[in-house]
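Tertiary structure, described
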Amino acid sequence: MELLHPFIFPFLVSLFLLWSITKWWFIKKSAANKKNSPPSPRKLPILGNLHQVGSLPHRDLQTLANKHGPFMLLHFGTVPFIIVSSADSAREIMTTHDIVFSNRPDFKSFKKLLYGCKDVAVAPYGEYWKRMKGIFVHQLLSNKRVQSFRYIREEETDHLIGKIIRESCNAGNKVVNLSKMFSELAIDGICRSAFGVKCSDSENGKKFLVLLKDLMELLGALCIGDFVPWLGWIDRVNGLDKRVDDVARGLDCFLEDVIRQHTEASKERNGENFLDILLEICGDNNTLEKDSIKALLLDVFAGGTDTIATLLEWLMSELFRHPIVMGKLQNEVREILRGKHAIKDDDLEKMHYLKAVVKETLRCHPPIPLLTRRIIDKDVKVMGYDVSKGTTVMINGWAIGRDPQYWDEPEKFEPERFLKKKYSNDNNIAFKGLDFEFMSFGAGRRGCPGISFAVATIEFVVANIVHKFNWELPDGLQGKDLDMTESPGATVRRATPLFAIATLN
Ligand code: HEM
């Protein structure tokens with residue numbers, strides 16, 4: 001005992017020092033590990049926050065954002081989601097961190113339906129996507145190409161006008177289903193741009209149109225296995241997996257057939273439709289695989305049909321609800337076209353009120369209210385918060401378009417706002433992807449390449465139908481009583497079709 005005594009004091013001091021250093025190291029490490037996570041509503045085991053989001057998620061997410069802030073973290077099953085509901089957060093993501101936020105999640109249905117994500121919309125960010133996006137922007141949807149498709153817009157709009165005259169004006173002012181007519185116009189226009197013919201002209205084409213409807217539904221469907229991987233068997237049991245397989249097979253059969261026909265008729269190919277242009281690119285350098293061609297064609301249909309029909313449907317609905325706006329628009333169009341028979345591009349350029357009506361509809365009813373999802377490539381700090389690699393990001397474009405911080409009386413449909421100085425300096429607000437308070441076409445690298453195509457079609461159709469016809473709702477229904485309920489889906493259409501009566505001007 002006596003012998004140990006000289007060592008006991010230094011031993012205890014050393015022990016104390018060791019304990020202090022270890023404690024300091026642990027505190028430091030756990031402080032470093034403690035991340036500044038974005039605000040988050042309470043979640044349930046297994047479901048996470050899935051129970052807080054219903055069939056119109058853009059509305060539920062806006063309500064949650066009002067409580068938890070414009071940059072919040074949710075969990076759908078085990079998958080972390082950041083929900084962005086302000087222009088400032090969207091700007092930071094799409095400018096400072098655009099590359100980090102440029103990937104898309106690879107859901108299993110996307111892989112099956114879009115040839116292992118060989119398209120543009122869900123392809124992972126990288127060299128392949130860059131090349132495909134380049135083809136979209138420079139070859140398929142350039143301003144020059146959109147102009148060259150003018151004859152399709154003219155013929156399809158004439159066709160629509162003929163149908164309205166036959167089915168309403170000349171049939172004792174009968175009611176027509178405008179929603180259905182807009183869908184047919186959009187799909188026929190895209191079919192002719194893609195293949196040179198209308199799909200509704202052949203039996204095979206008609207089957208393709210049914211499959212396309214399924215495709216749109218499945219691309220927006222929720223596969224449990226993508227969110228709670230160990231519950232993936234539910235997708236098998238409820239038949240979702242099989243439906244995806246069947247639709248993928250059906251679409252592939254049709255596309256194989258069309259490609260074969262176009263390849264056989266290669267001598268007559270004139271590069272006037274997307275498929276011929278893609279086959280030409282393939283022939284030039286042999287670097288475009290057949291699966292890539294098919295996936296790109298499906299993107300054209302998935303991106304360009306429902307969106308255009310949806311916008312036309314909401315635009316006319318708002319005109320019915322606002323007769324003064326309808327009157328002002330008719331006056332503008334009729335004044336500019338006085339004495340003329342057909343609408344030219346120069347005429348459309350002068351129709352500033354028309355452009356304002358289109359923009360206001362895009363603000364109030366963006367066809368894709370929750371922009372296509374992005375996935376984060378690496379840990380990143382945004383708006384002062386730490387966001388982990390693998391988190392999915394959803395931008396609520398609908399909520400941003402209604403944010404009172406940027407928009408005066410945001411719930412009001414008022415096209416005049418785009419003619420006021422605040423929004424009219426740049427006549428192209430919203431269409432360049434730089435105006436983050438108005439993101440109907442997305443922004444940044446993954447922004448929509450179909451803007452010119454869509455806007456050219458929408459402006460042309462609307463100018464024609466408000467020029468040629470006077471409109472009213474059936475059964476003496478007043479505009480203010482028109483049902484504006486939305487239907488669920490990635491593209492948010494009216495819940496009920498828009499019926500109307502036309503009389504010739
Ligand atoms: C009113 C009409 C349209 C609307 C509102 C619309 C809206 C959008 C939105 C919100 C995105 C996601 C952007 C993002 O993630 O930042 C997108 C992407 C896309 N759109 Fe459109 N779109 C329309 C028309 C079209 C048309 C006519 C086409 C083709 C013919 C098209 C093809 C695409 C493609 C391929 C993408 C994916 C781009 C990428 O991931 O790089 N869209 N669109």
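The residue numbers shown here count from 1 along each chain, following its written sequence. Local features in this predicted model are restricted to residues whose pLDDT is 70 or higher, and side-chain atom pairs enter the listing and the counts only when it is 80 or higher, whereas totals over whole chains, interfaces and linings include all residues. As a rule here, side-chain values come from all non-hydrogen atoms in the structure, and water together with hydrogens is ignored.

As annotated in an unreviewed UniProt entry, the protein carries the name Cytochrome P450 and comes from Erythranthe guttata. UniProt positions are given in the numbering used here, feature names are shortened, and annotations may be inferred rather than shown by experiment. The UniProt entry for the protein carries the following text under Cofactor (unreviewed entry): "heme". The Subcellular location (unreviewed entry) comment attached to the protein in UniProt states, word for word, "Membrane".

1. Re the state of the cysteines
Sulfur atoms of two cysteines make up a disulfide when they are within 2.5 Å. For the structure shown, the criterion picks out one disulfide. Free cysteine: C223, not disulfide-bonded; nearest cysteine sulfur from C117 at 12 Å.

2. With respect to the UniProt feature "binding site: heme" (unreviewed entry) in the protein
Mapped onto this numbering, the UniProt entry annotates "binding site: heme" (unreviewed entry) at C448. Helix numbers and strand numbers start at the N terminus; a helix is a DSSP run of H or I with at least 4 residues, a strand a run of E with at least 2. Tracing the sequence through the fold places C448 in the loop between α20 (421–424) and α21 (451–468).

3. Things to note about the sheet that holds strand β3 (residues 175–177)
Any two strands are treated as partners once DSSP identifies two or more bridges connecting them. Taken together, three strands build an open sheet; the order of strands is β3-β9-β8 and the sheet is antiparallel. At either margin of the open sheet sits one strand with a lone partner, and together these are β3 and β8 (469–472). Sheet twist, expressed as the mean angle between neighbouring strand axes with direction ignored, is 45 degrees. When β3 meets strand β9 (residues 499–504), the two strands line up antiparallel, connected through three bridges. Axis definition: a line fit to C-alpha positions, over the contact stretch in the case of helices; interaxial angles, taken between N-to-C directions, run 0 to 180 degrees.

4. Comments concerning the site of the ligand
In the vicinity of the ligand lie 27 residues, with R104, K133, R374, R446 and C448 positioned nearest. As used in this structure description, the phrase polar contact means that two N or O atoms lie within 3.5 Å; if the pair is within protein, one of them must be able to donate a hydrogen and the other to accept it, and residues adjacent in sequence are counted only when both atoms belong to side chains. Between the ligand and the protein, one listed contact pairs an oxygen atom with a side-chain N or O atom of R374 at 2.6 Å. Here an oxygen atom of the ligand and a backbone polar atom of A443 are 3.3 Å apart. Elements with a contribution of two residues or more to the shell around the ligand: α5 (127–140), α14 (290–304) and α21. Throughout, the ten residues Ala, Val, Leu, Ile, Met, Phe, Trp, Tyr, Cys and Pro are labelled nonpolar, Asp, Glu, Lys and Arg are labelled charged, and all others, Gly among them, are labelled polar. Taken together, the residues that form the shell around the ligand break down as 14 nonpolar, eight polar and five charged. Here, proximity means that at least one heavy atom of the residue falls within 4 Å of the molecule or strand.

5. Describing the nonpolar core
In this structure, F195, F274, M316, F320 and W471 are the most contacted members of the largest nonpolar core, which totals 151 residues. Looking at this core, the element that brings in the most residues is α21, giving twelve residues. In what follows, residue pairs with any heavy atoms lying within 4.5 Å of each other are defined as contacts. In this structure F195 touches F208, F254, L255, V258, H262, N273, L275, L297 and F301, once residues within four positions along its chain are discounted. Nonpolar cores were defined as sets of buried Ala, Val, Leu, Ile, Met, Phe, Trp, Tyr and Cys residues, with membership established by side-chain atoms within 4.5 Å. Categorising residues by exposure relies on relative accessible area from a 1.4 Å probe, with only protein chains included: less than 20% of the type maximum marks a residue as buried, more than 50% marks it as exposed, and the intermediate range marks it as partly exposed.

6. Re the sheet that holds strand β1 (residues 71–76)
Read across the open sheet, the four strands follow the order β1-β2-β7-β4; overall the sheet is mixed. On the outer flanks of this sheet lie β1 and β4 (374–375), each paired with one strand and no other. Alignment of β1 against strand β2 (residues 79–84), held across six bridges, turns out to be antiparallel. From the neighbouring strand, M72 faces β2, where its bridge partner is I83.

7. As for helix α7 (residues 150–167)
To estimate how far a helix should extend, the number of its residues minus one is multiplied by 1.5 Å. Taking 1.5 Å per residue, 18 residues should reach 26 Å; α7 reaches 26 Å between its end C-alpha atoms and fits that length. Turning to α7, its buried residues are R150, I152, R153, E156, T157, L160, I161, K163 and I164. Looking straight down α7, one finds that the buried residues subtend no more than 165 degrees of arc, so they occupy a single side. Away from the buried face of α7 by more than 90 degrees, exposed residues D158 and R166 are located. Looking at the packing, one finds that the buried side of α7 touches α6 (143–148), α8 (178–195), α17 (345–350), α21, β8 and β9. Taking the helix axis as origin, the arc is that swept by the directions to the C-beta atoms.

8. What about the pattern of salt bridges?
One speaks of a salt bridge when a side-chain nitrogen belonging to Lys or Arg is within 4 Å of a carboxyl oxygen belonging to Asp or Glu. Per the counting criterion, the structure on display carries 43 salt bridges. K130 is paired through a salt bridge with E127; the nearest N and O atoms lie 3.4 Å apart. Remark: E127 and K130 occur in helix α5; sequence separation between them is three residues, near one turn of the helix. Relative accessible area serves as the criterion here: at 60%, E127 is assigned to the exposed category. As a salt-bridge pair, K290 and E256 come within 3.1 Å of each other at their nearest N and O atoms. Taken as a pair, K290 in helix α14 and E256 in helix α12 (residues 240–264) lie far apart in primary sequence, 34 residues in all. Residue K290 is classed as partly exposed on the basis of its relative accessible area of 41%. With a relative accessible area of 30%, E256 lands in the partly exposed category.

9. A closer look at the pairing of strand β7 (residues 392–395)
Across the two faces of β7 the burial is the same, with T392 and M394 and V393 and I395 all buried. Here β2 pairs with β7 via four bridges, running parallel. The residue of β7 that forms the bridge with V84 is I395.

10. Details of the packing of aromatic side chains
Ring pairs are drawn from Phe, Tyr and Trp, using the six-membered ring of Trp, whenever the two centres fall within 6.5 Å, and their geometry is named by plane angle: stacked under 30 degrees, edge-to-face over 60, tilted for the rest. Tallied over the entire structure, the rule returns 14 aromatic pairs. Where W407 meets F438, the ring centres are 5.8 Å apart and the plane angle is 90 degrees; that geometry is what we call edge-to-face. Remark: F438 occurs in the loop between α20 and α21 and W407 occurs in the loop between α19 (397–400) and α20; sequence separation between them is 31 residues. Residue classification places F438 among the buried residues on the basis of a relative accessible area of 3%. A connected cluster of aromatic rings, assembled from ring pairs, spans F195, F208, F254 and F301. Looking at R363, its charged tip hangs above the ring of W407, at a distance of 5.3 Å from the centre. The rule is short: NZ of Lys or CZ of Arg within 6 Å of the ring centre and within 35 degrees of the ring normal puts a charge over the ring.

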